[in-house]
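Chain by chain, the residues:
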Amino acid sequence: MKIYIGSDHAGVDLKELVKQHFANQFEFVDAGTFTNESVDYPDFAHQVAENVLKDEQGRGILICGTGNGMAITANKHAGIRAALCWSPEIAALAKQHNNANIIVLPARFISPQLAMDTLDAYFKAEFEGGRHQRRIDKINL
Ligand code: RB5
């Protein structure tokens, strides 16, 4: 499974840790950013969202300071379900109930260890379908 990943300057350090941590598990396609220089989060959220929409098996990881800018932007793309997650429980439910295809992390409010545990829970979880599929089918306008 390919993981499309992106961050702004607030998330770049965590993004690099995430790629190292999961290097043996996933192939990463990194949209950037690659330095601590200030950038605009939508530039990266749009790239990752577009890539996830093109690759049905693919998933996305977006990271900014709060996670909100990335989530708000990615969710403008019909078919993207980007979930802001800060605990393993929320991350598992984001997959089980919402079939989230992008997980968003708040780099300034989560420790690296909790971020890895949160991602782990997301990747291990499976979508439950059923009533949750019915609800997802009602999301797009
Ligand atoms: C950057 O300072 C910060 O605004 C950004 O990372 C993010 O938190 C926006 O939602």
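Here, the structure is the one placed above.
Residues numbered from 1 in each chain as written. Predicted model: local features only at pLDDT ≥ 70, side-chain atom pairs only at ≥ 80, totals over all residues. Heavy atoms only, no water.

Turning to the sheet that holds strand S3 (residues 59–64), a few remarks are in order. To summarise the sheet geometry, strands pair through backbone hydrogen bonds and adopt either a parallel or an antiparallel arrangement. Spatial ordering of the open sheet is given by S2-S1-S3-S5-S4, a layout of five strands whose pairing is parallel. Unpaired on one side and paired on the other, strand S2 (27–30) and strand S4 (82–84) mark the two borders of the sheet. Between one strand and the next, the sheet's axes are offset by a mean angle of 25°, whatever the strand orientation. Pairing between strand S1 (residues 2–7) and S2: four bridges, direction parallel. Opposite Ile-3, over in S2, you have Phe-28 as the bridge partner. Against the sheet, helix H5 (residues 112–124) touches S1, S3 and strand S5 (102–106), its axis set at about 165° to S5. (Pairing = 2+ DSSP bridges. Helix = DSSP H or I, 4+ residues; strand = E, 2+ residues; numbered from the N terminus. Axes fitted to C-alpha atoms, helices over the stretch in contact; angles between N-to-C directions. Contact = heavy atoms within 4.5 Å.)

For the rest of this paragraph, the subject is the nonpolar core. With 24 residues, the main nonpolar core has Leu-14, Val-18, Phe-28, Ile-61 and Leu-119 as its most contacted residues. Those elements that place two or more of their residues in this core are S1, helix H1 (12–21), S3, helix H4 (88–96), S5 and H5. Residue contributions to this core peak at six residues, all from H5. Setting aside its immediate chain neighbours within four residues, Ile-61 contacts Ile-3, Tyr-4, Ile-5, Gly-6, Val-18, Phe-28, Ile-102, Ile-103, Leu-119 and Phe-123. (Core = buried A, V, L, I, M, F, W, Y, C linked by side-chain atoms within 4.5 Å. Buried < 20%, exposed > 50% of the residue type's maximum accessible area, 1.4 Å probe, protein only.)

So, on to the site of the ligand. In the vicinity of the ligand, the contacting residues are Asp-8, His-9, Ala-10, Tyr-41, Cys-64, Gly-65, Thr-66, Gly-69 and Arg-108. In isolation the ligand exposes 290 Å². Once the protein is present, 72% of that is buried. A class-by-class count of the residues in the shell around the ligand yields three nonpolar, four polar and two charged. (Near = heavy atom within 4 Å. Areas by Shrake-Rupley, 256 points an atom, 1.4 Å probe, with all protein chains shown as cover. Nonpolar A, V, L, I, M, F, W, Y, C, P; charged D, E, K, R; others polar.)

Most of S1 is tucked away, with five of its six residues classed as buried. Traced from S1 through H1 to S2, the parallel crossover comes out right-handed. In this sheet, S3 lies alongside S1 in parallel orientation, the contact comprising five bridges. The residue bridging Gly-6 from the neighbouring strand is Leu-62, located in S3. (Right-handed = clockwise from strand over helix to strand, strands pointing away.)

The next subject is helix H2 (residues 41–54). Across its 14 residues, H2 extends 20 Å between first and last C-alpha, which sits within 8% of the 20 Å expected from 1.5 Å per residue. Every buried residue belonging to H2 is among Phe-44, Ala-45, Val-48, Ala-49 and Val-52, and all of these are buried. For H2, the angular spread of the buried residues around the axis is 130°, confining them to a single face. Tucked into the core, H2 has its buried residues touching S1, S3, helix H3 (68–74) and S5. (Expected span 1.5 Å × (residues − 1). Arc of directions from axis to C-beta.)

Between H1 and H5, the least distance of the axes is 11 Å, while the angle of their chain directions is 55°. By the angle between their directions, the pair H1 and H5 is classed as oblique. As for the relative orientation of H1 and H5, their crossing is right-handed in sense. Every residue of H5 that contacts H1 at Leu-14, Leu-17, Val-18 and His-21 is listed here: Pro-112, Ala-115, Met-116 and Leu-119. (Parallel < 35°, antiparallel > 145°, perpendicular 65-115°, else oblique. Left-handed = near helix turned anticlockwise from the far one by under 90°.)

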